[in-house]
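Structural description and commentary
Residue-level listing of the chains:
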Amino acid sequence: MLRFLLVRIASAIPVLIILSIVTFAIIQAPPGDYADYIRSQLINQSGASFAQADEQAQAYRIAHGLDQPMVIQYFNWIKGIVTQGDFGYSMFYNKPVADVVAERLPRTLALALVCHIFASVLGIGFGIWAATRQYSWIDSLLSGISFLGMTVPRFLMALIIVYLLVFQFNVSEIGSFFSPQFGGAPWSFAKFLDLVSHVWPVVAIATFGGLAYNMRVMRGNLLDTLNAQYVETARAKGLSGGAVVMRHAVPNALHPLVMYQGVVLPYMLTGEIETAIIFSLPTVGPAIVGSMAIGDVYVTATFMMVLSATLIVGNIIADMLLAMLDPRVRQYAGA
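Residues numbered from 1 in each chain as written. Predicted model: local features only at pLDDT ≥ 70, side-chain atom pairs only at ≥ 80, totals over all residues. Heavy atoms only, no water.

Another point: the nonpolar core. Core analysis: the largest hydrophobic core is formed by 29 residues, its most contacted members being Phe24, Tyr34, Trp77, Met91, Tyr298 and Phe303. Of all the secondary structure elements, the ones that give two or more residues to this core are helix 1 (2-28), helix 2 (34-45), helix 3 (50-63), helix 4 (70-84), helix 5 (97-131), helix 12 (284-294) and helix 13 (297-325). With eight residues, helix 13 is the largest single contributor of residues to this core. Grouped together as the second largest cluster of nonpolar side chains are 17 residues, Leu165, Leu195, Ala276 and Phe279 included. (Core = buried A, V, L, I, M, F, W, Y, C linked by side-chain atoms within 4.5 Å. Buried < 20%, exposed > 50% of the residue type's maximum accessible area, 1.4 Å probe, protein only. Helix = DSSP H or I, 4+ residues; strand = E, 2+ residues; numbered from the N terminus.)

The next thing to look at is the packing of helix 5 against helix 8 (residues 189-226). For any two helices packed against each other, the geometry comes down to the angle between their axes and how far apart the axes lie. Running from N to C, helix 5 and helix 8 point in directions that differ by 35°, and their axes come no closer than 6 Å. Judged by the sense of rotation from one axis to the other, the crossing of helix 5 with helix 8 is right-handed. Here the residues of the contact of helix 5 with helix 8 are counted per class, giving 21 nonpolar, six polar and one charged. (Axes fitted to C-alpha atoms, helices over the stretch in contact; angles between N-to-C directions. Left-handed = near helix turned anticlockwise from the far one by under 90°. Nonpolar A, V, L, I, M, F, W, Y, C, P; charged D, E, K, R; others polar.)

On to the environment of Val297. Mapped onto the elements, Val297 comes out in helix 13. Counting along the chain gives 264 residues from Val297 to Asp33, while the straight-line C-alpha distance between them is 7.7 Å. Ignoring anything within four residues of it in the chain, the contact list for Val297 reads Phe24, Ile27, Gln28 and Met91. (Contact = heavy atoms within 4.5 Å.)

Shown next as structure tokens:
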């Protein structure tokens with residue numbers, strides 16, 4: 001198993017390098033940079049002439065290396081990461097990019113993991129429930145819920161909830177994790193409840209999409225497995241229906257969902273990102289959109305690299321889980 005893990009990690013390094021190159025190239029492709037943003041701000045807000053604003057913008061571009069070719073900027077960025085753990089300097093936030101990531105990434109990961117746990121537990125449970133009651137009203141109801149979860153855009157659900165909260169229920173605290181009285185207070189049960197009252201729409205929307213997928217896949221796989229010959233043999237031996245389902249059918253029906261874990265964390269992150277942008281929560285999503293809009297390239301590149309890394313880590317975890325679940329994978333890998 002250790003050899004299997006080391007091989008997967010080694011094979012992931014070239015993929016991460018390629019992803020970093022492609023990400024940096026895509027971010028740099030549109031015209032303009034942060035110096036152009038400074039120039040527009042000087043003209044629109046300070047009343048400076050174009051010549052004065054452009055002079056200051058050029059000076060800023062030279063001082064921060066934005067005048068160098070894209071290849072040089074990329075290698076300087078990678079060199080800082082490898083040798084010093086330096087992801088660059090955020091021009092908009094006026095602080096190291098690592099500090100910006102440290103502020104926003106833990107919140108995003110925490111929300112994504114909570115959504116993933118809810119989506120997995122509820123989706124798999126509902127999928128088993130629907131498959132064991134095929135063509136009943138329960139199966140029809142759960143199938144309808146799954147269809148809605150997979151087809152309705154998450155940003156649309158977020159907009160509907162924002163409209164209801166603001167215009168129908170007069171909720172004013174949108175765009176924060178805590179109410180003002182709990183902002184700097186130590187953790188307590190009251191503060192936890194306040195946090196839940198602020199983030200439940202994001203958790204509900206991101207969970208709904210993952211739940212729908214898990215339920216649909218689990219139902220279909222379990223129906224196929226229940227018709228397998230070894231399941232019929234287990235029934236013929238006199239095992240109860242619950243034992244046949246939970247001990248023989250469900251473990252084999254879980255294989256596709258285990259492999260899905262390789263992409264589920266980036267999927268949950270993007271689900272959180274979409275809804276967090278609508279709710280203006282201080283997480284990764286608004287930071288990515290805002291940094292791309294103003295040309296804060298190192299913030300955008302670092303966050304995109306983080307999302308790429310979660311995809312790679314998720315695939316490694318999925319491979320390990322599948323190897324633990326299926327002895328054939330361990331035998332094939334030589335573990």
